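Below, each chain spelled out in residue letters.
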Amino acid sequence: MQHKWYNATEIEVGSNSKQIFYMETIEVSRLSALAFFAAGEAKYKGKRNFWQNREKTFTLVGLGHAYKIENNKGTKRFDHVESEWKQLTSQIVQEDQHLQPILFGGFTFDPQNEVAGEWAKFPQSYFTVASHQLVIRNDQAFVTINLITNETNSAQTFETLRKERDELIHAAQVKEVKTYTKPTMISYAEPFKEEYLQSIDQVTTLIKANEAQKVVIARSLALQFEEAITSPQILSHVVHEQPESFLFGLEHENMLFYGASPERLVKVNNGRAFSSCVAGSIKRGQTAEQDEALGNSLLNDAKNRGEHHYVVEMITDTFEKNCRDVKIPNGPKLLKIRDIQHLYTPVEGQLNDDATILQLVKHLHPTPALGGVPREAAMHIIRQYEPMNRGLYAAPIGWLDADGNGEFAVAIRSAALVQDKAYLYAGGGIVADSKPQSEYEETLVKFRPMLRALGGQLHE
Ligand SMILES: C=C(O[C@@H]1C=C(C(=O)O)C=C[C@H]1O)C(=O)O
Ligand SMILES: [Mg+2]
């Protein structure tokens, strides 16, 4: 242990009487984020989260819930999370950047979707401050205890957490990271496959009739395994196999929602905001030449440029309203990840004084990369033609701190794991000239990363 920062502040939470917010951060020598997550298996299962940015310069692991912000407030949910977070953090001494609690969580794709399924118990907004928070920034690792309580024996509870923390750190400072086997799949189903293929025809007809310009239609796979899969087991495969993406895992009761997304929704760093337009897809080639040829054909393909353009227009427009000094390159580049290549346009700007990361999330979600154009018409068509509930798939997932910094990814290339069952999600942007079979094949490519992590066959 090198440094220690400690603080205990008396605060008010909601309408609750006075509570004490205890925080203690220690800097520790480099440890395994996954092993730290796994060390919470006995005590914190169902209350853990994992996050790593694309650049691998920021890793966050949370064990336990020191504080939770949950709501079912539809369109007001973003403002609600923001005001509760502001109230909580405004009362904390923040002179030291190391005394920073981090809020991690997500907003579901569509609060108006009423299909129950695997998401039946999931709130529309689900955010938590961890009891044990591990942050690895560049090469420095910090472990924080957060405790918010009005118990009379709070000092004792805090001591217990300190002991636990030392054990967690010890378990995570391993020489060799544990390796996990892949689970054994016993059945693979494509629910509503025929309905999906038909819906692409129906949606293109609606688009030709000018009911919308673009609508993202998704579907799911339902997999059954021989036995329950644990969160550390599946996350370890995702972490090792998908290093180029945002990696995330969020537990809620007996579900783990996890994935490896290439798509940033928004990042805010010291008042500078960044987003990315990712839409338009083609598979990777078998050889370097083939890969380059596929990439070039994607860059020159009118249908994919169309899918992409709607996203650039909408994100640019949102940035123009919330930022100054907005910068967008002239045309898209290629974003290549293990299984797929996309058209990619980064967008950045300087946040206006009244704009915040959560306001940007609220205005950006869903971008036409996940919803469509116009937004409301597309959402209506999605509700009508998708027989499932997306839950957190295609939705904002990420973190923010008390200074207004944070980052949200769009939770695609993702799956929900419920003990011995997994539900994988993938979709694509439907425009006037979309063809059911090629959209279907595009979803197969998008299922691949999660299917591989689960040890599944690559059905092609
Ligand atoms: C909807 C998904 O991906 C989105 C749709 C894309 C497309 O249709 O080309 C590309 C990237 C994502 O914005 C998904 O992966 O499920
Ligand atoms: Mg597409």
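- As named in an unreviewed UniProt entry, the protein is isochorismate synthase, taken from Solibacillus palustris.
- Listed in UniProt under the heading Catalytic activity (unreviewed entry), the comment for the protein reads: "chorismate = isochorismate".
- Turning to the protein, the UniProt annotation filed under Sequence similarities (unreviewed entry) states: "Belongs to the isochorismate synthase family."

1. Some words on the overall build of the protein
Okay, so step 1: From N to C terminus, the protein includes 11 helices and 21 strands.
Okay, so step 2: Along the first, second and third principal axes, the C-alpha atoms of the protein reach 65 × 50 × 45 Å.
Okay, so step 3: With 460 residues in all, the protein has 58% of them scored as buried.
Okay, so step 4: Considering only contacts within the protein whose residues lie at least 6 apart along the sequence, 74% involve residues at least 24 apart.
Okay, so step 5: Working note: accessible area of the protein is about 19,000 Å², and carbon and sulfur atoms make up 47% of it.
Okay, so step 6: Seen as two clouds, the 49 positive and the 58 negative side-chain charges of the protein have centres 1 Å apart.

2. Here's the deal with the coordination of the magnesium ion (ligand 2)
Okay, so step 1: Bound to the magnesium ion (ligand 2) on the protein side are Glu307 (OE) and Glu442 (OE), at distances that span 2.3 to 2.4 Å. Of this pair, glutamate 307 sits in helix H8 (residues 302–322) while glutamate 442 is found in helix H11 (residues 436–453), placing the two residues 135 residues apart along the sequence.
Okay, so step 2: The exposure class of glutamate 307 is buried, given its relative accessible area of 2%.

3. As for empty space enclosed by the protein
Okay, so step 1: One pass over the structure, following the stated rule, counts 6 cavities of 30 Å³ or more.
Okay, so step 2: Its boundaries defined by the atoms lining it, the largest cavity holds a volume of some 190 Å³.
Okay, so step 3: Around the largest cavity sit 21 residues that line it, and Ala369, Ile412, Arg413, Gly427 and Lys446 are the ones nearest its centre.
Okay, so step 4: Counting residues per element, the ones that place at least two in the lining of the largest cavity are strand S9 (214–225), strand S13 (272–283), strand S21 (421–430) and H11.
Okay, so step 5: In terms of residues, the lining of the largest cavity owes the most to one element, S21, which gives 5 residues.
Okay, so step 6: Of the residues in the lining of the largest cavity, the class split is 9 nonpolar, 6 polar and 6 charged.

4. Here we look at the site of ligand 1
Okay, so step 1: Neighbouring ligand 1 are 19 residues, the closest being Val278, Ser281, Tyr393, Arg413 and Gly429.
Okay, so step 2: One of the side-chain N or O atoms of arginine 413 is found 2.6 Å from an oxygen atom in ligand 1.
Okay, so step 3: One of the backbone N or O atoms of glycine 429 is found 2.8 Å from an oxygen atom in ligand 1.
Okay, so step 4: Within the complex, 100% of the 390 Å² of free accessible area of ligand 1 lies under protein.
Okay, so step 5: Contributions of two or more residues to the shell around ligand 1 are made by S13, S21 and H11.
Okay, so step 6: For the shell around ligand 1, a count of residues per class yields 8 nonpolar, 6 polar and 5 charged.

5. Observations concerning the packing of aromatic side chains
By convention here, two paired aromatic rings are described through the distance between centres and the angle between planes.
Okay, so step 1: Across all of its chains, the model carries 15 aromatic pairs by this definition.
Okay, so step 2: Judged by centre distance (4.9 Å) and plane angle (55 degrees), the rings of phenylalanine 107 and phenylalanine 127 are tilted. With phenylalanine 107 in strand S5 (residues 103–107) and phenylalanine 127 in strand S6 (residues 125–137), this pair connects stretches of sequence that are 20 residues apart.
Okay, so step 3: When its relative accessible area of 0% is taken as the criterion, phenylalanine 107 is described as buried.
Okay, so step 4: A ring pair is formed by phenylalanine 122 and tyrosine 126, whose centres lie 5.3 Å apart and whose planes are at 70 degrees; its orientation type is edge-to-face. A single burial state applies to phenylalanine 122 and to tyrosine 126, both of which are buried.
Okay, so step 5: Site record: aromatic cluster; members linked through ring pairs are Trp119, Phe122, Tyr126, Phe248 and Phe257.
Okay, so step 6: Positioned over the ring face of tyrosine 196 is arginine 219, at 5.4 Å from the centre of the ring.

6. Side note on the UniProt feature "domain: Chorismate-utilising enzyme C-terminal" (unreviewed entry) in the protein
Okay, so step 1: Feature annotation in UniProt places "domain: Chorismate-utilising enzyme C-terminal" (unreviewed entry) on residues 193–446, given in this structure's numbering.
Okay, so step 2: Helix and strand shares over residues 193–446 are 35% and 37% respectively, and the end C-alpha atoms of the span are 15 Å apart.

7. Looking at the pairing of strand S4 (residues 58–71)
In regular strands, side chains alternate between the two faces of the sheet.
Okay, so step 1: With 11 of its 14 residues buried, S4 lies for the most part within the structure.
Okay, so step 2: With antiparallel pairing between neighbouring strands as the criterion, strand S3 (residues 48–52) and S4 make up a hairpin whose turn holds 5 residues, including lysine 56 at a positive phi of roughly 65 degrees.
Okay, so step 3: Examined bridge by bridge, S4 and S6 share 12 bridges and lie antiparallel to one another. What sits directly across from valine 61, in S6, is leucine 134.

8. Considerations on the layout of surface pockets
Okay, so step 1: For the largest pocket, the calculated volume is near 490 Å³.
Okay, so step 2: Surrounding the largest pocket, 22 residues form its lining, Ile282, Lys283, Glu441, Glu442 and Val445 being those nearest its centre.
Okay, so step 3: Of all the secondary structure elements, the ones that give two or more residues to the lining of the largest pocket are S13, H8 and H11.
Okay, so step 4: Looking at the lining of the largest pocket residue by residue, the classes come out as 3 nonpolar, 7 polar and 12 charged.

9. Details of the pattern of salt bridges
Okay, so step 1: For the coordinates displayed, the defined rule picks out 32 salt bridges.
Okay, so step 2: Connected through salt bridges with shared partners, the residues Glu24, Glu159, Arg162, Arg165 and Asp166 form a single ionic network.

10. Focus: helix H5 (residues 193–208)
Okay, so step 1: End to end, H5 covers 23 Å across 16 residues, agreeing with the expected 22 Å (1.5 Å per residue, within 8%).
Okay, so step 2: Of all the positions in H5, only Tyr196, Leu197, Ser199, Ile200, Val203, Thr204 and Ile207 are classed as buried.
Okay, so step 3: Elements in contact with the buried residues of H5: S9, helix H10 (375–385), S21 and H11.
Okay, so step 4: Taken from the residues just after H5, asparagine 210 is the one with a positive phi, measuring 70 degrees.

11. Details of unusual backbone geometry
Okay, so step 1: Histidine 365 connects to proline 366 through a cis peptide bond whose omega is -10 degrees.
Okay, so step 2: Here valine 373 and proline 374 are connected by a cis peptide whose omega angle stands at -10 degrees.
Okay, so step 3: Its identity is not glycine, yet aspartate 325 carries a phi of approximately 60 degrees, on the positive side.
Okay, so step 4: Positionally, aspartate 325 belongs in strand S14 (residues 323–327).
Okay, so step 5: A positive phi angle, close to 50 degrees, is found at arginine 413, a residue other than glycine.
Okay, so step 6: In this fold, arginine 413 is placed in the loop between strand S19 (406–410) and strand S20 (414–418).

Cut-offs used in this document
Residues numbered from 1 in each chain as written. Chains lettered and ligands numbered in written order. Predicted model: local features only at pLDDT ≥ 70, side-chain atom pairs only at ≥ 80, totals over all residues. Heavy atoms only, no water. UniProt positions renumbered as here; feature names shortened; annotations may be inferred. Helix = DSSP H or I, 4+ residues; strand = E, 2+ residues; numbered from the N terminus. Buried < 20%, exposed > 50% of the residue type's maximum accessible area, 1.4 Å probe, protein only. Contact = heavy atoms within 4.5 Å. Areas by Shrake-Rupley, 256 points an atom, 1.4 Å probe, with all protein chains shown as cover. Lys, Arg positive; Asp, Glu negative; His and termini not counted. Charge placed at Lys NZ, Arg CZ, Asp CG, Glu CD. Donors = N, O, S within 2.8 Å, 3.2 Å for Na, K, Ca; no water. 1 Å grid on protein atoms, 1.4 Å probe; cavity = no way out; pocket = protein on both sides within 12 Å on 5 of 7 lines; lining within 4 Å. Points joined across faces, edges and corners; volume = space filled by probe spheres on them. Nonpolar A, V, L, I, M, F, W, Y, C, P; charged D, E, K, R; others polar. Near = heavy atom within 4 Å. Polar contact = N/O pair within 3.5 Å; in protein donor to acceptor, adjacent residues only side chain to side chain. Phe/Tyr/Trp six-rings, centres within 6.5 Å; stacked < 30°, edge-to-face > 60°. Lys NZ or Arg CZ within 6 Å of the ring centre and 35° of its normal. Pairing = 2+ DSSP bridges. Salt bridge = Lys/Arg side-chain N within 4 Å of Asp/Glu carboxyl O. Expected span 1.5 Å × (residues − 1).

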